[in-house]
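Take a look at the letters that make up each chain.
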Amino acid sequence: VENVVAEIDQLAAEGYKAIGFMDDNFIITEKRLKPIAEALKKYDIIWGCQARVDAITENIAFILGSTGCHYVDLGVESFNDEILEYIKKGASREQTIEAINLLNKYKVPVKLNILIGTSPLETKETIRETLDTAIKLKADQVMINIVAPFPGTDFYDLAKKNKWIVGGDYVPTDFQHHSILSYPNLTNKEMENL
């Protein structure tokens, strides 16, 4: 904590006006967050962070709101519990909804990251359910990507073994618009259209 606060002091002295914390464990505990958030407020720095949904509690949401947090970026992936369990997300649909509601309560803008196609359980219906839920929860921003089976991951090995990779092997692409995966029940074109 002391090191992060010292860096905030230094950045403020150098004239920086905004900081984005790119660390999904930034909000690991209330004890760690509070002095960092207070240092940011002291300098009136515009700031935001990534967070896991299971880290958002009532007190955490209050700290974020009262210290001027401009956004919390949540890796939601899906609002379908079967898919969340399959990908070992470690968070449920209800935990995600509760976290978003708490952030909305304290007027902390929410950015959701949705990842289409993370599981062979994904269907057009589960994707629509996820997108509809994001809209109903009034997220401030939603970023949607299509999953990529990166070489060296278990998912890549599974996708290769099951012949889900279009063209047979990984090819870098723009994953916000193109899919190199095609499941038996959900094609790459269907993911792209959705």
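Here's a quick rundown of the structure. Predicted model only: the values in this text are computed from it and were never measured. (Residues numbered from 1 in each chain as written. Predicted model: local features only at pLDDT ≥ 70, side-chain atom pairs only at ≥ 80, totals over all residues. Heavy atoms only, no water.)

### Some remarks on the pairing of strand β2 (residues 46–51)
We apply this condition: Any two strands with at least two DSSP bridges between them are considered paired. Each helix corresponds to a stretch of at least 4 residues labelled H or I by DSSP, and each strand to a stretch of at least 2 residues labelled E; elements are numbered beginning at the N terminus. If you view a crossover with the strands going away from you and the path from the first strand over the helix to the second runs clockwise, you call it right-handed.
For strand β1 (residues 18–21) and β2, the ladder comprises four bridges, and the chain directions are parallel. Looking at β2, one finds that Phe-21 is bridged to Cys-49. Bridge analysis of β2 against strand β3 (residues 69–77) gives five bridges, and the strand direction is parallel. When the sheet's bridge partners are listed, Ala-51 is paired in β3 with Leu-74. Running through helix α3 (residues 58–66), the crossover from β2 to the neighbouring parallel element β3 is right-handed.

### Quick notes on the environment of Thr-126
Quick reminder of the rule: In this scheme, a residue with accessible area under 20% of its type's maximum is buried, one over 50% is exposed, and one in between is partly exposed, where area comes from a 1.4 Å probe on protein chains only.
As for its placement among the helices and strands, Thr-126 is situated in helix α6 (residues 124–136). The class for Thr-126 is buried, based on a relative accessible area of 10%. Between the alpha carbons of Thr-126 and Phe-79 there is a distance of 8.0 Å; along the sequence they are 47 residues apart.

### So, the pairing of β3
One ladder, built from five bridges, connects β3 with strand β4 (residues 110–116); its direction is parallel. Opposite Val-72, over in β4, you have Val-110 as the bridge partner.

### Observations regarding the pattern of salt bridges
The test is simple: By definition here, a salt bridge exists when the distance from a side-chain nitrogen of Lys or Arg to a carboxyl oxygen of Asp or Glu is within 4 Å.
One pass over the full model with this rule turns up eight salt bridges. Residue Glu-58 pairs with Lys-105 through a salt bridge whose shortest N-O separation is 2.6 Å. Of this pair, Glu-58 sits in helix α3 while Lys-105 sits in helix α5 (residues 93–105), and the two are 47 residues apart along the sequence. Taking relative accessible area as the criterion, Glu-58 reaches 34% and is therefore assigned partly exposed.

### Focus on the sheet that holds β1
Condition: The convention used is that axes are lines fitted to C-alpha atoms, helices contributing only their stretch in contact, and that angles between N-to-C directions extend from 0 to 180 degrees. Here, two residues are considered to be in contact whenever any of their heavy atoms come within 4.5 Å of each other.
Sheet architecture is open: five strands sit in the order β1-β2-β3-β4-β5, paired in parallel fashion. For this open sheet the edge positions go to β1 and β5 (141–146), each flanked by a neighbour on one side alone. When the angles between neighbouring strand axes are averaged without regard to direction, this sheet yields 15°. Sheet strands touched by α6: β3, β4 and β5. Its angle to β4, the strand with the most contacts, is close to 175°.

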